[in-house]
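Structure assessment
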Amino acid sequence: MTPPPVTTRRPFDVLGLVAVILSAALLVPTLFVFVVGLIPEMNAIWWMGIILLPLLFVGGIVVVLLAIVGLVVAARRSGRRAWSVVALGLGILMLVPALLILAPWPS
């Protein structure tokens, strides 16, 4: 009787998971300030955008870089890529507000 074949587990995407956690830690306060700022009585909270927007931009760059490195490592080890793909999407989402403010609009 032959033994059953040994199945190898595909490596876990640690860099993608770290990037998703980092993006969540930076997106949640920003979304909170945005939602609370929509309430008419809490209009004075928008000054926090001055602090959160640069943090969001720098964090977005870090998340995108971690996600790209995670995708490359997962492709080389033929591992899972799901967390890195999600992190790449969240990182791009984090970069959009700053790029909309910094980019010149065509007139």
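The present account deals with the structure reproduced in this document. Just so we're clear, the structure is a prediction, and the values are computed from it rather than from any experiment. (Residues numbered from 1 in each chain as written. Predicted model: local features only at pLDDT ≥ 70, side-chain atom pairs only at ≥ 80, totals over all residues. Heavy atoms only, no water.)

This paragraph deals with the environment of Val62. Its place among the elements puts Val62 in helix 2 (residues 48–77). Each C-alpha atom, one on Val62 and one on Ser23, is 9.1 Å from the other, the two residues being 39 residues apart in sequence. (Helix = DSSP H or I, 4+ residues; strand = E, 2+ residues; numbered from the N terminus.)

With that settled, the discussion passes to a nonpolar patch on the surface. Together, Phe12, Val14, Val18, Trp83 and Val86 make up an exposed nonpolar region whose accessible area comes to about 430 Å². Looking at the nonpolar patch, the elements that each hand over two or more residues are helix 1 (14–37) and helix 3 (82–102). Within the element layout of this structure, Phe12 appears in the segment before helix 1. (Patch = residues over 30% accessible without salt bridge, like charges linked within 9 Å, V, L, I, M, F, W, Y side chains within 5 Å. Areas by Shrake-Rupley, 256 points an atom, 1.4 Å probe, with all protein chains shown as cover. Salt bridge = Lys/Arg side-chain N within 4 Å of Asp/Glu carboxyl O.)

Position of Asp13 relative to the elements: it lies in the segment before helix 1. Arg77 is the oppositely charged side chain nearest to the buried, salt-bridge-free Asp13, at an N-O distance of 6.3 Å. At a separation of 2.6 Å, a polar atom in the side chain of Asp13 contacts the side chain of Ser84. Look past the residues within four positions of Asp13 in its chain and what remains in contact with it is Gly70, Arg80, Arg81, Trp83 and Ser84. (Buried < 20%, exposed > 50% of the residue type's maximum accessible area, 1.4 Å probe, protein only. Lys, Arg positive; Asp, Glu negative; His and termini not counted. Polar contact = N/O pair within 3.5 Å; in protein donor to acceptor, adjacent residues only side chain to side chain. Contact = heavy atoms within 4.5 Å.)

Scope: geometric values only; no functional claims are made or implied.
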